[in-house]
Amino acid sequence: MRLPRNVSPAAARRRSLLIDAMLGFLIAVCAITAAAGVGVVGFFALICALIVASWYLIEGSVRMARRKSRR
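Residue positions are counted from 1 within each chain, in the order its sequence is given. The predicted origin of the model limits local features to residues at a pLDDT of at least 70 and limits the giving and counting of side-chain atom pairs to 80 or more, whereas totals for whole chains, interfaces and linings rest on all residues. No hydrogens and no water enter the side-chain calculation; it runs on all heavy atoms of the structure.

### A closer look at the overall build of the protein chain
Counting secondary structure elements, the protein chain contains one helix and zero strands. All radius of gyration figures rest on C-alpha atoms, and the globule criterion is 2.2 Å times the number of residues raised to 0.38. Computed over its C-alpha atoms, the radius of gyration of the protein chain comes to 29 Å, more than 25% above the 11 Å expected for a compact globule of 71 residues. On the principal axes, the C-alpha backbone points of the protein chain span a range of 95 × 20 × 10 Å. Accessibility here uses a 1.4 Å probe with only protein chains present; expressed as a share of the type maximum, an area under 20% marks a residue as buried, one over 50% as exposed, and anything in between as partly exposed. Looking at the protein chain as a whole, 1% of its 71 residues qualify as buried. To measure how exposed things are, a 1.4 Å probe is used in the Shrake-Rupley method; for residues, cover is taken only from the protein chains shown. Only carbon and sulfur atoms are counted for the fraction: they give 72% of the accessible area of the protein chain, which is about 6900 Å². Working definition: helices are DSSP H or I runs of at least four residues, strands are E runs of at least two. Numbering for both runs from the N terminus.

### Points about a nonpolar patch on the surface
Candidate patch residues must exceed 30% relative accessible area and have no salt bridge, after which like charges are joined if within 9 Å and Val, Leu, Ile, Met, Phe, Trp or Tyr side chains if within 5 Å. Whenever Lys or Arg places a side-chain nitrogen within 4 Å of a carboxyl oxygen from Asp or Glu, that contact is recorded as a salt bridge. Taken together, the side chains of Ile19, Leu23, Phe25, Leu26 and Val29 define a hydrophobic patch exposed on the protein surface, amounting to about 480 Å² of accessible area. Tracing the backbone shows Ile19 in helix α1 (residues 9-70). A relative accessible area of 44% means that Ile19 is categorised as partly exposed.

### Quick notes on a positive patch on the surface
The convention is simple: Lys and Arg are positive, Asp and Glu are negative, and His and the chain ends are not counted. Every charge is mapped onto a representative atom, which is NZ of Lys, CZ of Arg, CG of Asp or CD of Glu. A contiguous patch of positive charge on the surface is contributed by Arg66, Arg67, Lys68, Arg70 and Arg71. Looking at the secondary structure, you find Arg71 in the segment after α1.

### As for the environment of Leu57
Looking at the element boundaries, Leu57 is found in helix α1. The class of Leu57 is exposed, set by a relative accessible area of 63%. Taking C-alpha positions, Leu57 is 48 Å from Gly24, a pair spaced 33 residues apart along the chain.

Structure below.
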């Protein structure tokens, strides 16, 4: 199915506006989906980073306590 060739300027503008609005909506949906995905990944990455950092701090403090007890 092809679009008619003889289209009035007003109809061409409406058609162009409709296509632009649909593309804008699709881009907005993709951006929101990507941002939500990045937010979820960032949240879990932050939790993992806090767990790893606390693990290193606990391990370092245990090593320092052992060194002090040996002396």
